[in-house]
Amino acid sequence: MTAGRRIAVTGTVQGVGFRPWVYRLARTLGVAGRVRNDARGVVIDAFAAAAVLDVFVARLGAEAPGRVRDLAWQALDDAAPVGFAIDTSTAAGAVALSIPPDLSTCPACLAEVADPADRHYQYPFTSCTYCGPRFTIAVDLPYDRPATTMAGFPLCPACAREYHDPDDRRFHAQPIACPRCGPQLALEPPGPGDALADAAALLRAGAIVAVKGLGGYHLACDATSAAAVATLRARKRRDAKPFAVMVADVAAARGLAWLTPEEVALLAGPERPITLVTRRSGAGLADAVAPDTPQVGLLLPYTPLHHLLLAAVARPLVMTSGNVTDEPIAQLDDDARTRLAPLADALLLHDRPIATRCDDSVAQVVAGAPMILRRSRGHVPRPIVLARPIPQPVLAVGAQLKNTFCLAHGDVAYLGPHVGDLDNPLAFEFLAEAIERMERLVRVRPELVAHDLHPDYLSTRLALARTGVTHVAVQHHHAHVAAVMAERGLRGPVLGLAWDGAGLGPDGTAWGGELLFGDAAHCTRLATLRPIALAGGDAAVRQVWRIALALLDDAWAGPAPLDGLALFADVPAADVRVLRQLIAADLNAPRVHGVGRLFDGVGALALGRAVARHEGQVAQAWNHAATPEDHGAYPLPIDRAGPVWQLDHRPLVRAVVDDLRAGRPTALVSARFHRALVLGAAALVRAAITTVGAHPVVLGGGCFQNRALAEGVVRELGELEVYLPRAVPPGDGGLALGQVLVAAGRAERTSASCA
Ligand code: ZN
Ligand code: ZN
Ligand code: FE
C-alpha cells in the first residue's frame, strides 16, 4: 500500500546538488513525488510503501550532500503522482534563497581536473551542482546563467548535454564550463608558456603575484621565503598583522600546525575558511608570516585554480587579500591593475567577471566547536533563520569597524559580506553599493533602518541619509547580546556579558565591560568595568603605555611609582608628566569601560611594550603570552557601591606590579590575569542571578574571540546555560544581526534601547 510523506529538510541543503541527489535516490528506491526548495530548506513529497519510505528517510539523513540540520516528516494524504520530479520553479518565497554561497570544489570535480582523459583536465574553472561560484557571480534574479557573470560563455554541446540531464552531476548548475566554452587564465605580463605554470615559476622564485579568485584578488607569495614575505609586507604597508597561508591539503596543514579533529573539520569544511590554528615551530614558515603570535591562519584551496596553483608551486603560499591595508578587496580587473600592479610582480587574471566582492571567511575552534570571526565567502548570502518572524523588513548597517550589514524579513536574516573598516572612503562606497545589491538579490525592501547609537559612525550617517524609513538607534552592547540571541533562537530574558573595546552608551560614555539583563526590546545595565582614563582619546589605543599609566595611577590613587617597570624605561619622563596633567585635569581623557583596554594596558605593562602597531596588537600578544597551567588568579572584586556594579581592576593592577617587580615570568602573569577575568565574569553573573534570577547567559563582543577567556568563562559557568556566538562573529562583524533583532523588538518604543 502506498503511503505519502512530506519531508522537510533544513541545513545547508541548497545549491549543493541536494535536489538532483534526492531525485536519483527516489528513482533508485522507486519513490514517486517531487522535491523543491523553500524558504527554510528543501521539501520533499514522497510516495511509496511505508517500508520503502523508511529507507528513503534514513538514507536522506545519513547520506545526503550538504549538511542536514534537521529532518522532519508528516503524513501526506495526497494522491501519489507518477514518477519523481525536481521542481525548479522559484516560488515567491524561495526566490531569496535561490542564490547560494560560493562552494568549494567537490571531490568529483577535482578527480576530473586530475584526469588526463577528462575534458576538464587541468581546467581551473571546473564546477558542478555540488561546487563552484554562486554568490560572487550572481548579477540578478532569477539565479540562472544569463543573470550571472557566466552569461558571456555560452555552453558548448558537451556542457549543455550535462546541464540538461537530470541524471548528471551538472544538471542545472549555472557556472559549469570546460576549456572549450569557459573562462581562460592569463598572466600579465605574459610569460613564455602556460599562464599557470609561469605564475607558479614566478612564485617559486620569490615573486609576488596577484591572483584573481572568486570574490576578489589575493596577493600571493612563497610563505617559506622570508625575503618574499618581507617584500610583501613592505609593499602592502602592513607591518604586523598576520597573513593567511594556503596549503595544498590537510596533510600539508598538519606539517605546519597542530590540528585537533575539530580544526581539521573546520579547515576542510565546505566553506573553507581561514582557520586559526597553533603553528608548529620550525616547520618552515617564514617568521614574518605571523609575527607576535603562536597561531597561524591556514586555508585550503577552494577553487580548481587554487588546487592547480598549489600543486604547481608545491609550497605553502601566503594568500592575503589584494589590497593596500584597510582598503576593501579589489574587484574589477582595471581596478586591480591600477591598485595591485605596484604591489605585485605579475597578475594572474581570468575573464570571468566578479559580480560581488567577498573576502575569505575566518574561523577558529572554541570550546570544541567552530566560531566564525569573519563571515563572508562560503557563508554569504546563506541566511540565519530567526526563531520567530519579525514584523517589518529591517536593514541594519552595523558598526564602524569590521563592518557588515544585515537585511531581514520574515524569519530570515541575510548578513552581507565583510566590508571592513569604514574609515576608508573606498570601504564606505563598497558598503553603500553592497547594501543596494543585496536588497535586489534577496528582495528585501527595508521599512526599519537600524544603526548604532554612535552619531559619528559612517554607517550611522549612511542609515540616517536614507529617507522614507523609520530609523532605530541601537545601543552597541545590547546589539552584541542580541546577535547571539538571534543566532541561537533565544527569546530572553538573558544575562548578556558584552565585552569589547568600546561602544557608545546612552549616558554618552564608552561602554565595553557590560553585564546586561534583558531581551530583544529592552535591557538594563547591571554591571560594568571600572572606567579607565584614555588620555589623548583614541591615540591611547595605539599608545598603550598611556593606558598602563592611567591604570597604575588609578590603582595607587595618585602618581604610582614607576621604578622597576620596564615599560617606563622607554617612555620619556616629560611624556609621563604631560599625560598625568591631562588625566588630572580631565582634558581629552575620556573614561572608558572597555575590557579590551584593560588587556591593552596590563599587556603593555607586563610585556614592556609602549606602542601597538595596530589596534589590539598588544592585547593579542598578551593573550598569547599566557600558559595554560593553573597559576592562580589576581583579585578582581565586584564593587557594589553604585547602582551599576563595577569590576574593580585596582587590586589586580597592584598584584601585577608586585609580580613584575618580583621578576615573575610574563607567561605566569598573563595566566593569572586571564584567570582573574574568567573568575570576575563568573562572579558577576552569579551575583546578578541572586538579584534577577537564573537565566541563559550570552557572551558577546570582540573580547570573546579570545579563546582562553571564552573557554574559561564557559567552563567556569558549567552549571548554567551559556551561549557563545558561533555562526556570526562575536565582535563588531556580528553586530548588524543584533541590531536587526533589537530594531524589530522595539519598533514601537521610543526610549533608549538600553539603560
Ligand atoms: Zn563539483
Ligand atoms: Zn563546455
Ligand atoms: Fe563591539
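Residues numbered from 1 in each chain as written. Chains lettered and ligands numbered in written order. Predicted model: local features only at pLDDT ≥ 70, side-chain atom pairs only at ≥ 80, totals over all residues. Heavy atoms only, no water.

## As for the overall build of the chain
Secondary structure assignment for the chain yields 22 helices and 29 strands. Against the compact-globule benchmark of 27 Å for 755 residues, the chain has a radius of gyration of 27 Å, which places it among compact chains. The dimensions of the chain, computed from C-alpha atoms along their principal axes, are 85 × 65 × 50 Å. Across the 755 residues that make up the chain, the buried fraction comes to 59%. Here the analysis covers contacts within the chain between residues at least 6 apart in sequence; of these, 71% occur between residues at least 24 apart. (Helix = DSSP H or I, 4+ residues; strand = E, 2+ residues; numbered from the N terminus. Rg over C-alpha atoms; globule rule 2.2 N^0.38 Å. Buried < 20%, exposed > 50% of the residue type's maximum accessible area, 1.4 Å probe, protein only. Contact = heavy atoms within 4.5 Å.)

## Things to note about the coordination of the zinc ion (ligand 1)
The coordination sphere of the zinc ion (ligand 1), as far as protein atoms go, consists of Cys106 (SG), Cys109 (SG), Cys128 (SG) and Cys131 (SG), spread over 2.3 Å. Relative to the metal, the 4 donor atoms surrounding the zinc ion (ligand 1) lie at angles of 103 to 121 degrees, and the coordination shape comes out tetrahedral. Sequence positions of the donors to the zinc ion (ligand 1) reduce to the motif C-x2-C-x18-C-x2-C. With a relative accessible area of 9%, Cys106 lands in the buried category. We classify Cys109 as buried; its relative accessible area is 0%. (Donors = N, O, S within 2.8 Å, 3.2 Å for Na, K, Ca; no water. Tetrahedral: all angles 85-135°; square planar, octahedral: opposite > 155°, others 65-115°.)

## A word on empty space enclosed by the protein
Under the defined criterion, the tally for this structure stands at 3 cavities of 30 Å³ or more. As a volume, the largest cavity reaches approximately 120 Å³. Around the largest cavity, the lining is made up of 17 residues, and of these Pro133, Leu214, Thr303, Pro304 and Arg352 lie nearest the centre. Classifying every residue of the lining of the largest cavity gives 8 nonpolar, 7 polar and 2 charged. (1 Å grid on protein atoms, 1.4 Å probe; cavity = no way out; pocket = protein on both sides within 12 Å on 5 of 7 lines; lining within 4 Å. Points joined across faces, edges and corners; volume = space filled by probe spheres on them. Nonpolar A, V, L, I, M, F, W, Y, C, P; charged D, E, K, R; others polar.)

## With respect to the packing of aromatic side chains
This structure, assessed with the given rule, holds 4 aromatic pairs. Note on Phe599 and Phe673: the rings are 5.0 Å apart at their centroids and 90 degrees apart in plane angle, and the pair reads as edge-to-face. With Phe599 in helix 17 (residues 595-607) and Phe673 in helix 20 (residues 666-692), this pair connects stretches of sequence that are 74 residues apart. With respect to class, Phe599 is no different from Phe673; both count as buried. Ring centres 5.8 Å apart and planes at 55 degrees place the aromatic pair Trp622 and Phe673 in the tilted group. Separated by 51 residues along the polypeptide, Trp622 in helix 18 (residues 617-624) and Phe673 in helix 20 bring together distant segments of the chain. Residues Trp622 and Phe673 agree in their burial class; the two are buried. One aromatic cluster is present, formed by Phe599, Trp622 and Phe673 through successive ring pairs. A cation sits over an aromatic face here: Arg5 above Trp73, 3.8 Å from the ring centre. Geometry around Phe243 places Arg233 over its ring, the cationic atom sitting 4.1 Å from the centre. (Phe/Tyr/Trp six-rings, centres within 6.5 Å; stacked < 30°, edge-to-face > 60°. Lys NZ or Arg CZ within 6 Å of the ring centre and 35° of its normal.)

## A word on the coordination of the iron ion (ligand 3)
Ideal values for angles at a metal depend on the geometry: 109.5 degrees with four tetrahedral donors, 90 or 180 degrees with six octahedral donors. Of the protein atoms, only His476 (NE2), His480 (NE2), Asp500 (OD) and Asp732 (OD) coordinate the iron ion (ligand 3), at distances of 2.1 to 2.2 Å. Bound by 4 donor atoms, the iron ion (ligand 3) shows angles of 87 to 176 degrees at the metal and therefore irregular coordination geometry. Spacing between the donor residues of the iron ion (ligand 3) along their common chain follows H-x3-H-x19-D-x231-D. Residue His476 is found in helix 13 (residues 476-488), and its partner Asp732 is found in the loop between strand 29 (722-723) and helix 22 (735-745); the two are separated by 256 residues along the sequence. Across the pair, Asp732 and His476 agree in class, each one buried.

## Focus: the nonpolar core
Within the largest apolar cluster, 109 residues are counted, with the highest numbers of intra-cluster contacts made by Leu309, Trp499, Phe568 and Leu605. With 12 residues, the single largest contributor to this core is helix 20. Discounting chain neighbours no more than four positions away, the residues touching Leu605 are Ala548, Leu552, Leu565, Leu567, Phe568, Val656, Val657 and Leu660. Judged by nonpolar contacts, the second largest core, of 40 residues, contains Ile384, Val481, Cys523 and Leu735. (Core = buried A, V, L, I, M, F, W, Y, C linked by side-chain atoms within 4.5 Å.)

## Let's talk about the side chain of Asp452
Locating Asp452 in the fold gives a position in strand 19 (residues 448-452). In contact with Asp452, other than residues within four places in its own chain, are Gly398, Tyr457, Thr460, Val474, His476, Leu735 and Gln739.

## Quick look at the confidence of the model for the chain
Looking at the chain as a whole, its pLDDT mean stands at 92, while 96% of the residues score no less than 70. Per-residue pLDDT stays below 50 along residues 91-96; that stretch engages in 8 contacts with residues further than four places along the chain or on separate chains. (pLDDT = per-residue confidence, 0-100.)

## Considering the pairing of strand 3 (residues 41-49)
Along strand 3, 8 of the 9 residues are buried, which leaves the element largely enclosed by surrounding structure. By the bridge criterion, 7 bridges tie strand 2 (residues 32-38) to strand 3 in an arrangement that is antiparallel. Bridge pairing links Ala32 to Phe47 in strand 3. (Pairing = 2+ DSSP bridges.)

## Points about the sheet that holds strand 20 (residues 470-474)
An order of 18-17-19-20 is seen for the 4 strands of this open sheet, with the pairing classed as mixed. Every interior strand has two partners, whereas the edge strands, strand 18 (406-415) and strand 20, have only one. On average, each strand axis in the sheet is tilted by 60 degrees relative to the strand beside it, whichever way the strands run. Summarising the sheet, strand 19 and strand 20 pair through 5 bridges and their orientation is parallel. Within strand 20, the position partnered with Val449 by the bridge is His471. Set on the sheet, helix 13 makes contact with strand 17 (384-396), strand 19 and strand 20; between it and strand 17 the angle comes to about 140 degrees. Contacting strand 17, strand 18, strand 19 and strand 20, helix 22 runs over the sheet at an angle of about 85 degrees to strand 17. (Axes fitted to C-alpha atoms, helices over the stretch in contact; angles between N-to-C directions.)

## Overview of the pattern of salt bridges
Across all of its chains, the model carries 36 salt bridges by this definition. The salt bridge involving Glu188 is made with Arg337; its shortest N-O contact spans 2.8 Å. Here Glu188, found in strand 6 (residues 185-188), pairs with Arg337, found in helix 10 (residues 333-340); they are 149 residues apart in sequence, far enough to count as distant. A relative accessible area of 32% means that Arg337 is categorised as partly exposed. Each member of the salt-bridge network shares a partner with another, and the members are Glu112, Arg119, Glu162, Arg169 and Arg170. (Salt bridge = Lys/Arg side-chain N within 4 Å of Asp/Glu carboxyl O.)

## A look at the packing of helix 17 against helix 19 (residues 650-661)
Where helix 17 contacts helix 19, the two axes come as close as 10 Å, and the packing angle between them is 15 degrees. The angle between the axes of helix 17 and helix 19 places the two elements in the roughly parallel class. Considering the relative orientation of helix 17 and helix 19, their crossing is right-handed. Across the interface between the two elements, Val602, Leu605 and Ala606 from helix 17 touch Leu652, Val656, Val657 and Leu660 from helix 19. A per-class count over the contact of helix 17 with helix 19 returns 7 nonpolar, no polar and no charged. (Parallel < 35°, antiparallel > 145°, perpendicular 65-115°, else oblique. Left-handed = near helix turned anticlockwise from the far one by under 90°.)

## Digging into helix 10
Listing the buried residues of helix 10 in full gives Ala336, Arg339 and Leu340. Projection of helix 10 onto a plane perpendicular to its axis shows the buried side chains occupying an angular sector of 80 degrees, all on one side. Among the exposed residues of helix 10, those oriented more than 90 degrees off its buried face are Asp334 and Thr338. In this structure, the buried residues of helix 10 make contact with strand 7 (209-212), strand 8 (217-222), strand 14 (346-350) and helix 11 (425-442). (Arc of directions from axis to C-beta.)

## As for the pairing of strand 13 (residues 317-321)
Burial analysis of strand 13 places 5 of its 5 residues in the buried class, which makes it a mostly covered element. Of the two faces of strand 13, the one lined by Leu317, Met319 and Ser321 and the one lined by Val318 and Thr320 are each fully buried. Taken together, the 5 bridges between strand 8 and strand 13 define a ladder with antiparallel strand orientation. Each bridged residue has a counterpart across the sheet, and for Cys221 the counterpart in strand 13 is Val318. Note that strand 9 (residues 244-246) and strand 13 share 2 bridges and pair antiparallel. Bridging from a neighbouring strand, Val245 pairs with Val318 of strand 13.

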